[in-house]
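# Structural characterization, general
Next come the chains, spelled out residue by residue.
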Amino acid sequence: VAQLNFNLGSTLSDLRALCIQEVESRVEEESRERTEAIRQLEARVKRVCQSLQAETQRVARKQAEDTDFRDRWDDQLGSLDDRLSEKVSGALRRLDELGSRVQDVERASREAE
């Protein structure tokens, strides 16, 4: 019986050691798997961040180009507006001059009669 108790104790001790070893092995394997999953997620996040940064820079460049275009367009429209105003003012002056000449001619015509 003493020998049986000793053998049983030894077997239980061995079983306990094997269980501990198995649990440690599983924990280590899960830790490696989680570490790899975290590494892959970090790599994905880095790629997404780089993509977002590139897109942000592209949008900023496009906005700057659009702003430059609008500024140039506004300048050109302003210049055209100024030139058109000058031409209209000049045409109105000439019409006034012609109107004055017509009146002078009509007056001279009446005086001549």
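Quick caveat: nothing in here was measured; it's all calculated off a predicted structure.

## Quick look at the packing of aromatic side chains
Tallying each qualifying case throughout the model produces 1 aromatic pair. Consider the rings of Phe69 and Trp73, whose centres lie 6.3 Å apart with planes at 10 degrees: the pair is stacked. Linking Phe69 with Trp73, this pair stays in helix 1 (residues 2–112), spanning 4 residues, or about one helical turn. For Trp73, a relative accessible area of 45% translates into the label partly exposed.

## Here's the deal with a nonpolar patch on the surface
The grouping of Leu84, Val88, Leu92, Leu95 and Leu98 at the surface amounts to a nonpolar patch, some 480 Å² of accessible area in total. Topologically, Leu98 is positioned in helix 1.

## Quick notes on a negative patch on the surface
Taken together, Glu65, Asp68, Asp71, Asp74 and Asp75 make up a surface patch of like negative charges. Relative to the elements of secondary structure, Asp74 occurs in helix 1. Among the residues examined, Asp74 registers a relative accessible area of 47% and is labelled partly exposed.

## Some points on the pattern of salt bridges
Here the idea is simple: oppositely charged side chains can pair when their charged atoms come close. For the coordinates displayed, the defined rule picks out 6 salt bridges. For Arg39, the salt bridge goes to Glu36, with nearest N and O atoms at 2.6 Å. Remark: Glu36 and Arg39 occur in helix 1; sequence separation between them is 3 residues, near one turn of the helix. Note that Arg58 and Glu55 form a salt bridge whose closest N and O atoms lie 2.7 Å from each other. In this pair, Arg58 and Glu55 both sit in helix 1, 3 residues apart, roughly one turn of the helix. By relative accessible area, Glu55 is classed as partly exposed at 36%.

## So, the environment of Ala60
Relative to the elements of secondary structure, Ala60 occurs in helix 1. Judged by its relative accessible area of 40%, Ala60 is partly exposed. Through-space distance from the C-alpha of Ala60 to that of Thr35 is 37 Å; in sequence the pair is 25 residues apart.

So, how was this worked out
Residues numbered from 1 in each chain as written. Predicted model: local features only at pLDDT ≥ 70, side-chain atom pairs only at ≥ 80, totals over all residues. Heavy atoms only, no water. Phe/Tyr/Trp six-rings, centres within 6.5 Å; stacked < 30°, edge-to-face > 60°. Helix = DSSP H or I, 4+ residues; strand = E, 2+ residues; numbered from the N terminus. Buried < 20%, exposed > 50% of the residue type's maximum accessible area, 1.4 Å probe, protein only. Patch = residues over 30% accessible without salt bridge, like charges linked within 9 Å, V, L, I, M, F, W, Y side chains within 5 Å. Areas by Shrake-Rupley, 256 points an atom, 1.4 Å probe, with all protein chains shown as cover. Salt bridge = Lys/Arg side-chain N within 4 Å of Asp/Glu carboxyl O. Lys, Arg positive; Asp, Glu negative; His and termini not counted. Charge placed at Lys NZ, Arg CZ, Asp CG, Glu CD.

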